[in-house]
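Structure assessment
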Amino acid sequence: MSDGAIVQALLSWGPGGLMSGILLLLWKQDRADRAAERAERLQIDRNKVESEKQLAVALTQLAMKITGKPIDGDQA
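Reading the values: rules and limits
- Residues numbered from 1 in each chain as written.
- Predicted model: local features only at pLDDT ≥ 70, side-chain atom pairs only at ≥ 80, totals over all residues.
- Heavy atoms only, no water.
- Salt bridge = Lys/Arg side-chain N within 4 Å of Asp/Glu carboxyl O.
- Helix = DSSP H or I, 4+ residues; strand = E, 2+ residues; numbered from the N terminus.
- Buried < 20%, exposed > 50% of the residue type's maximum accessible area, 1.4 Å probe, protein only.
- Axes fitted to C-alpha atoms, helices over the stretch in contact; angles between N-to-C directions.
- Parallel < 35°, antiparallel > 145°, perpendicular 65-115°, else oblique.
- Left-handed = near helix turned anticlockwise from the far one by under 90°.
- Contact = heavy atoms within 4.5 Å.
- Nonpolar A, V, L, I, M, F, W, Y, C, P; charged D, E, K, R; others polar.
- Expected span 1.5 Å × (residues − 1).

A complete count under the given rule lists one salt bridge for this structure. Across the pair arginine 34 and aspartate 30 runs a salt bridge whose closest N-O atoms are separated by 3.1 Å. Residue arginine 34 and its partner aspartate 30 are located together in helix α2 (residues 15-67), separated by four residues, close to a single helical turn. According to the relative accessible area criterion, aspartate 30 is partly exposed, its value standing at 33%.

With that out of the way, let us pick up the environment of serine 12. Within the secondary structure, serine 12 sits in the loop between α1 (3-11) and α2. Relative accessible area serves as the criterion here: at 58%, serine 12 is assigned to the exposed category. Sequence separation between serine 12 and arginine 41 is 29 residues, and the spatial gap between their C-alpha atoms is 41 Å.

Relative to the helices and strands, serine 20 resides in helix α2. Sequence separation between serine 20 and valine 7 is 13 residues, and the spatial gap between their C-alpha atoms is 8.7 Å.

Moving on to the packing of α1 against α2. Where α1 contacts α2, the two axes come as close as 7 Å, and the packing angle between them is 150°. Classified by the interaxial angle, the pair formed by α1 and α2 is roughly antiparallel. Like other packed secondary-structure pairs, α1 and α2 cross with a definite hand, here right-handed. Of the residues in α2, those touching α1 at Asp3, Ile6, Leu10 and Leu11 are Gly17, Leu18, Ser20, Gly21, Leu24 and Lys28. Of the residues contributing to the contact of α1 with α2, the split by class is five nonpolar, three polar and two charged.

On to α2. Here α2 contains 53 residues, and its C-alpha end-to-end distance of 77 Å stays within 8% of the 78 Å for a straight helix at 1.5 Å per residue. Phi turns positive one or two residues past the end of α2, at glycine 68, with a value near 80°.

See the structure below:
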């Protein structure tokens with residue numbers, strides 16, 4: 001059933017149907033906005049993880065240059 005048919009059916013119910021139609025449209029818009037926000041947040045999280053991996057590699061390489069030997073991550 002298309003959005004137009006749903007709105008037309010709700011309008012036939014009078015003021016309650018009109019309010020239901022408005023709420024339905026607002027709900028659909030909110031879901032679309034949330035989906036876009038989730039996708040954007042997911043991309044930000046992926047970028048953060050990748051940059052943290054690169055930082056860990058760079059710090060490990062720096063520690064190896066300074067000490068001249070491989071670093072064991074279990075040592076404190």
